[in-house]
Amino acid sequence: MKKIFNNYFFNILLIISIGCIVIYFSVNAYDIELLDLLQTVDIRYLFIVIAIVLGYQSITGIVLTVLTRFTHPDYKISSGIINSLVASLFHGITPSSTGGQIAQFYVYRKQGVGSGDAGSILWMEFIIYQSCLTLVSLLFIILKFPYFYSQFSNLFVFVILGFIINTSIIFILYGLAKFKSLHDWIADKGIDIAYKFHLVKDKEATLNNVEMQLSRFRLEVENLKLHKKTIILCAFLCVLRLLMYYSVPYFVFLALGGKLDIVLLINAIAMGSFVAIASGMIPIPGASGGTEVIFIMMFSNLFGKTLSASSMILWRFATFYFVLMLGTIAFGYIKFKR
């Protein structure tokens, strides 16, 4: 436990340090006066930004609640929101967001949800979220491909690569569950290749784990088919959650004195999705440093360089550091609750 704590503590220090360095250079590069920036913020839109952040976190909690009530009808929405916040905390402080679902499993156990049920819920939530993420990303790439490629050809490869990886995850899982030949190849050849390249240490344990997870995946796909109306509701909520998250930069822009423009809103939402896809390729905890740079580069053509840098500071605080603080409070509550 001490080693785990030290790792997380180091990651938090790393995130804060990189974030401060990026903000420092952004402020100096674009001659931004932080005090003047904060004084000129329209507090009404700032409240809207905070409301959106709390809103999409709450939507994640509602989706978890709906899925949990398949087996635990008395599961509360507040418990789902706490689970969502803790997941966001550990997504943010672990490399490549790898710790979120482990933390959710822990929270479920503390909330009285059995191990088997917790695994099923997290698989269902993953399937729905990953499918919605793929579809929404594909929609924006199709709609904004000409504009995006003409403006950001140097970053385009990272967006496409991130999209391919996200899409591949869900398609490979569906393929493994559907086609026995693919499953047999992974079990026979795939793990053997990984072992030869030292990507896998224990072939037998890895094979058993793959078999177990694929069995769970198949089971949850079948379970989802039995609850079509509920799954449609959860899918709608997931899409709404993504659109809310992607819209935050636009409302930060309005808080800094930007003008209302529906076309700019749509472009900003699309750009927000591209930032999320590209920054997902950065393995550092919280994608710190790279996310901020990518944001400024992409939004500079929409908001202007100075305003995009100013927007980045408020956007990053609202969507990341503020959520980390909420997640820490939620984790402390669940950790020490009897």
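A.B. asks: I tried to follow the packing of aromatic side chains on my own but got confused; where do I start?
C.D. replies: Aromatic ring pairs are defined here through the distance separating the ring centres and the angle between the ring planes. Overall, the coordinates contain 13 aromatic pairs when judged by the stated rule. Between Tyr-75 and Tyr-108, the ring centres sit 5.9 Å apart and the planes meet at 45°, which makes this aromatic pair tilted. One end of the pair, Tyr-75, is in the loop between helix H3 (43–68) and helix H4 (77–93); the other, Tyr-108, is in helix H5 (residues 100–110), and 33 residues separate them in sequence. Tyr-108 carries the same exposure label as Tyr-75, and that label is buried. Plain terms: the ring middles of Phe-320 and Tyr-321 are 5.1 Å apart, the flat faces sit at 80° to each other, and that makes the pair edge-to-face. Each of the two residues, Phe-320 as well as Tyr-321, counts as buried. Counting every residue linked through ring pairs, the aromatic cluster contains Tyr-250, Phe-251, Phe-253, Phe-295, Phe-299, Phe-303 and Trp-315. Taking NZ or CZ as reference, Arg-316 lies 4.1 Å from the ring centre of Phe-320, over its face.

A.B. asks: Looking at this model, I keep getting lost on empty space enclosed by the protein. Mind explaining?
C.D. replies: Gaps between atoms show up when a probe of the same size as a water molecule is rolled over them. Evaluation of the coordinates by the stated rule reveals 1 cavity of 30 Å³ or more. Roughly 40 Å³ of internal volume is contained in the largest cavity. Lining the largest cavity, in full, are Tyr-245, Tyr-246, Pro-249, Gly-272, Val-275, Phe-295, Phe-299 and Trp-315. Taken together, the elements giving at least two residues each to the lining of the largest cavity come down to helix H10 (228–255), helix H11 (262–279) and helix H12 (290–303). Examining the composition of the lining of the largest cavity, we find that 3 residues originate from one element, H10, more than from any other. Tallied by class, residues from the lining of the largest cavity come to 7 nonpolar, 1 polar and no charged.

What counts, and at which threshold
- Residues numbered from 1 in each chain as written.
- Predicted model: local features only at pLDDT ≥ 70, side-chain atom pairs only at ≥ 80, totals over all residues.
- Heavy atoms only, no water.
- Phe/Tyr/Trp six-rings, centres within 6.5 Å; stacked < 30°, edge-to-face > 60°.
- Helix = DSSP H or I, 4+ residues; strand = E, 2+ residues; numbered from the N terminus.
- Buried < 20%, exposed > 50% of the residue type's maximum accessible area, 1.4 Å probe, protein only.
- Lys NZ or Arg CZ within 6 Å of the ring centre and 35° of its normal.
- 1 Å grid on protein atoms, 1.4 Å probe; cavity = no way out; pocket = protein on both sides within 12 Å on 5 of 7 lines; lining within 4 Å.
- Points joined across faces, edges and corners; volume = space filled by probe spheres on them.
- Nonpolar A, V, L, I, M, F, W, Y, C, P; charged D, E, K, R; others polar.

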